[in-house]
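Architecture and fold: a report
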Amino acid sequence: MSPVAEKLAAAREDLQSRDGVLVAFSGGVDSSVVAALAHDALGEDAIACTAKSETLPAAELEDATRVAEEIGIRHEIVEFSELDSQEFIENDDMRCYHCRSMRLGAMYDRARELGIDVVCDGTNASDVGEGHRPGLRAVEELDAYSPLLEHDIEKPEVRDIAREYDLSVADKPSMACLSSRIPTGLEVTEDRLSRVEKAERLLRTWGFEQFRVRDHDGLARIEVGEEELEAALDPDFVRAARDHVEDCGFDHVTLDLHGYQTGSVSPEEEGQSDAENQGEDDVVSNVFDTEYPSVDD
């Protein structure tokens, strides 16, 4: 038995010992693997739960719903607003802690309603020791159970397990919450979150896979993965981005020639285990032939 298979078997056996679990489920590769493991181990006694708020792109909620159906696990959605917290709005270097605390708190509330004692999250063994990660403090304080971390399953192994379960998100690129696009110290507002989501929906529609639109108080700074930078330099894309990203509510639009970098507007790593799925992405092969629709198309 391979080391990964041994870890997988141990994690599955551990979950089988629980009466039931609720998985904090973003639809990213980490939480999807935990959900698949939990469903494999516990069947109907495992539930995936996604927290819907202003910082979650609508497309990610749709993906989470689709992946839950793919796994076959029951899927619950809870709603809350990080914008109810002034500490979150202020966007200091502990923003991820405040967000994760509220998000997991909503999970525990739903778990109690369902008579479930254990809330699982997607923290993996690679997440520990990766710089400033205040979200992990919330996981520890709320005593969420992290089976991937508990059984020393690292990010590449998570992807291997996802492929073994034939999950469509095995190679899904990273996607942290929308507030990570706003520089530390600049208040998180609904307007800023909304225009970032609209602009990133455009890039996704245009075929890009690894990207961010950073909101510098009205200036949109587009980052794309190194493999997609050539596509972003195409004159047709440049014109489309200039015209249509401004239509989303930005005053100016720029392209960052350094490309996509995690945490480029914040001191913390913007990845938060189940919300950030690192991966190599292929260059978009058809972007030069793409017609660039507006945000309203």
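Starting from 1, residues in each chain are numbered consecutively following that chain's sequence as written. At least 70 in pLDDT is required for a residue's local features to be given in this predicted model, at least 80 for side-chain atom pairs to be given and counted, and no such filter applies to totals for whole chains, interfaces and linings, which use all residues. Think of the side-chain values as coming from all heavy atoms in the structure, minus any hydrogens and water.

In the annotation of an unreviewed UniProt entry, the protein is listed under the name ATP-dependent sacrificial sulfur transferase LarE and assigned to Haloarcula nitratireducens.

Things to note about the overall build of the protein
Scanning the protein from N- to C-terminus turns up eleven helices and seven strands. Out of the 297 residues in the protein, the part that is buried amounts to 57%. For the protein, long-range pairs separated by at least 24 residues make up 76% of all intrachain contacts whose partners lie at least 6 apart in sequence. Surface exposure here means Shrake-Rupley accessible area, sampled with a 1.4 Å probe, where a residue is shielded only by the protein chains that are shown. Surface accessibility of the protein: about 12,900 Å² in total, with carbon and sulfur atoms responsible for 44%. For helices the rule is a DSSP run of H or I covering at least 4 residues; for strands it is a run of E covering at least 2, with both sets numbered from the N terminus onward. Burial classes follow relative accessibility: with a 1.4 Å probe on protein chains only, a residue under 20% of its type's maximum area counts as buried, one over 50% as exposed, and anything between as partly exposed. Contacts: residue pairs with any heavy atoms within 4.5 Å of one another.

Examining a negative patch on the surface
Candidate patch residues must exceed 30% relative accessible area and have no salt bridge, after which like charges are joined if within 9 Å and Val, Leu, Ile, Met, Phe, Trp or Tyr side chains if within 5 Å. Whenever Lys or Arg places a side-chain nitrogen within 4 Å of a carboxyl oxygen from Asp or Glu, that contact is recorded as a salt bridge. This count recognises Lys and Arg as positive and Asp and Glu as negative, with His and chain-terminal groups excluded. Taken as the charge location is NZ of Lys, CZ of Arg, CG of Asp or CD of Glu. Taken together, the side chains of Glu87, Glu90, Asp92, Asp93 and Glu187 define an acidic patch exposed on the protein surface. Secondary-structure assignment places Asp92 in the loop between α4 (86–90) and α5 (95–113).

Points about the pairing of strand β3 (residues 74–79)
Two strands are said to pair when DSSP picks up at least two bridges between them. As defined by bridge partners, strand β2 (residues 46–52) adjoins β3 across six bridges and the pair is classed as parallel. Within β3, the position partnered with Ala48 by the bridge is His75. When the strands point away from the viewer, a crossover counts as right-handed if the route from the first strand across the helix to the second turns clockwise. What joins β2 to β3 is helix α3 (residues 58–71), and the crossover it makes is right-handed.

Here's the deal with the nonpolar core
General note: in soluble globular proteins, nonpolar side chains tend to be found buried as a group. Definition used in this section: a nonpolar core is a set of buried Ala, Val, Leu, Ile, Met, Phe, Trp, Tyr and Cys residues joined via side-chain atoms within 4.5 Å. Of all hydrophobic cores here, the largest spans 34 residues; its most connected members are Leu15, Val21, Phe25, Val33, Ile71 and Cys120. When contributions to this core are tallied by element, the ones reaching two or more residues are α1 (3–16), β1 (21–24), α2 (29–42), β2, α3, β4 (118–120) and α8 (155–164). Top contributing element to this core by residue count: α2, with nine residues. Core analysis: the next-biggest nonpolar cluster, separate from the first, contains 29 residues, Ala199, Leu202, Ala232 and Phe237 among them.

Comments concerning α1
Between its terminal C-alpha atoms α1 stretches 20 Å, which fits the 20 Å expected from 14 residues at 1.5 Å a residue. Buried within α1 we find Val4, Lys7, Leu8, Ala11, Asp14 and Leu15. Within α1, the buried residues cover an arc of 125° as seen down the axis, which keeps them to one side. Multiplying 1.5 Å by the residue count of a helix minus one yields the expected span of that helix. An arc is given here, and it is the one of the directions from the helix axis to the C-beta atoms.

Quick notes on helix α11 (residues 235–247)
Taking 1.5 Å per residue, 13 residues should reach 18 Å; α11 reaches 18 Å between its end C-alpha atoms and fits that length. Of all the bends found along α11, the most pronounced is centred on Ala241 and spans about 25°. Where α11 is concerned, the buried positions are Phe237, Ala240, Ala241, His244 and Val245. Trailing α11 by a residue or two, Gly249 shows a phi angle of about 125°, which is positive. To get the bend at any residue, fit one axis to the seven residues that end at it and another to the seven that begin at it, then take the angle between the two axes.

Observations concerning the sheet that holds β3
Spatial strand order, β3-β2-β1-β4: four strands in an open sheet with parallel pairing. Here the strands that pair on one side only, and so sit at the sheet edges, are β3 and β4. The mean angle between the axes of side-by-side strands here comes to 30°, regardless of whether they run parallel or antiparallel. Lying on the sheet, α3 is in contact with β2 and β3; it crosses β3 at an angle near 155°. Only the contacting stretch of a helix is used when fitting its axis, a line to C-alpha atoms as for every element, and angles between N-to-C directions run 0 to 180 degrees.

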